[in-house]
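# Architecture and fold: a report
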Amino acid sequence: MSTNAVRLSVPAQAEYARVVRMTASNLAVLAGLGVDEVEDVRMAAEEGFVYTCATAPQACDASFTFSHDEVRIDFTLGELDAADDENTDLTLIEAMLSAVCDDYGFSDDGMSLVLIKRAGSHAE
């Protein structure tokens, strides 16, 4: 089973969310995920983009790794202190990610948001 990788860097501005969503959903199709799972990946990518933007990076850098039946998205975060701003509530985003991803969390160094979706695991 081969693994493929795609890197994407867009400005951390709301109008670029669609680029991230569409890239994620297209790669989920290539990975062989079903319709509902592709929708989960699309939603996860959008929420990951919003989360990443809340950490105030200059750009939203996403690394997509996909193989048969699995998609992984790693978003490079900006300053983690920016996400603690009293005007930024990430609780809803985290709830959505836990609902649509099979696994989500942070890299060991805490600098990346990691989202994983597998085929056959669409949340009911």
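In what follows, the accompanying structure is described. The structure displayed is predicted, hence computed values, not measured ones. (Residues numbered from 1 in each chain as written. Predicted model: local features only at pLDDT ≥ 70, side-chain atom pairs only at ≥ 80, totals over all residues. Heavy atoms only, no water.)

### As for the nonpolar core
Within soluble globular proteins, side chains that are nonpolar generally end up buried alongside one another. In this structure, Val20, Phe64, Val71, Ile73, Phe75 and Leu115 are the most contacted members of the largest nonpolar core, which totals 30 residues. When contributions to this core are tallied by element, the ones reaching two or more residues are β1 (4-11), α1 (17-30), α2 (35-54), β2 (59-67), β3 (70-76), α3 (91-100) and β5 (112-118). Apart from residues lying up to four places away in sequence, Val71 is in contact with Leu27, Ala28, Ala31, Leu33, Val41, Thr65, Phe66, Leu115, Ile116 and Lys117. (Core = buried A, V, L, I, M, F, W, Y, C linked by side-chain atoms within 4.5 Å. Buried < 20%, exposed > 50% of the residue type's maximum accessible area, 1.4 Å probe, protein only. Helix = DSSP H or I, 4+ residues; strand = E, 2+ residues; numbered from the N terminus. Contact = heavy atoms within 4.5 Å.)

### Some words on the state of the cysteines
Counted by the stated rule, this structure contains zero disulfides. Counting only cysteine sulfurs, Cys53 is the nearest neighbor of Cys60, a cysteine outside any disulfide, at a range of 5.3 Å. (Disulfide = S-S within 2.5 Å.)

### Here we look at the side chain of Glu47
Summarising the element assignment, Glu47 is placed in helix α2. The buried charged residue Glu47 lacks any salt bridge, with Arg42 as its nearest oppositely charged partner at 7.9 Å. Beyond its immediate chain neighbours, meaning those up to four positions away, Glu47 contacts Ile93, Met96 and Leu97. (Lys, Arg positive; Asp, Glu negative; His and termini not counted. Salt bridge = Lys/Arg side-chain N within 4 Å of Asp/Glu carboxyl O.)

### A look at the packing of α1 against α2
At a minimum axis separation of 8 Å, α1 and α2 run at an interaxial angle of 150 degrees. Every pair of crossing elements has a handedness; the one defined by α1 and α2 is right-handed. Listed contacts from α2 to Ala17, Val20, Arg21, Ala24, Ser25, Ala28 and Val29 of α1 are Val38, Val41, Arg42, Ala45, Glu46 and Phe49. In terms of residue class, the contact of α1 with α2 is made up of nine nonpolar, one polar and three charged. (Axes fitted to C-alpha atoms, helices over the stretch in contact; angles between N-to-C directions. Left-handed = near helix turned anticlockwise from the far one by under 90°. Nonpolar A, V, L, I, M, F, W, Y, C, P; charged D, E, K, R; others polar.)

### So, the pairing of β2
Alignment of β1 against β2, held across eight bridges, turns out to be antiparallel. For Leu8, the partnering residue across the bridge sits in β2 and is Ala62. As defined by bridge partners, β2 adjoins β3 across seven bridges and the pair is classed as antiparallel. Following the sheet pairing, Ala62 is matched in β3 by Phe75. Adjacent in sequence and paired antiparallel, β2 and β3 are bridged by two residues, among which Asp69 carries a positive phi angle near 75 degrees. (Pairing = 2+ DSSP bridges.)

### Thoughts on the side chain of Ser25
Mapped onto the fold, Ser25 is located in helix α1. Judged by its relative accessible area of 9%, Ser25 falls in the buried class. When neighbours within four sequence positions are excluded, Ser25 is seen to be in contact with Val38 and Arg42.

### Observations regarding the packing of aromatic side chains
The way to describe two aromatic rings as a pair is by their centre distance and the angle between their planes. Evaluated as defined, the whole model comprises one aromatic pair. Ring centres 5.9 Å apart and planes at 50 degrees place the aromatic pair Tyr51 and Phe106 in the tilted group. Of this pair, Tyr51 sits in helix α2 while Phe106 sits in strand β4 (residues 103-106), placing them 55 residues apart in sequence. On the accessibility criterion, Tyr51 (7% relative accessible area) is buried. Exposure remark for Phe106: the relative accessible area of 39% places this residue in the partly exposed category. (Phe/Tyr/Trp six-rings, centres within 6.5 Å; stacked < 30°, edge-to-face > 60°.)

Note that all results are geometric; they support no functional claim without further evidence.
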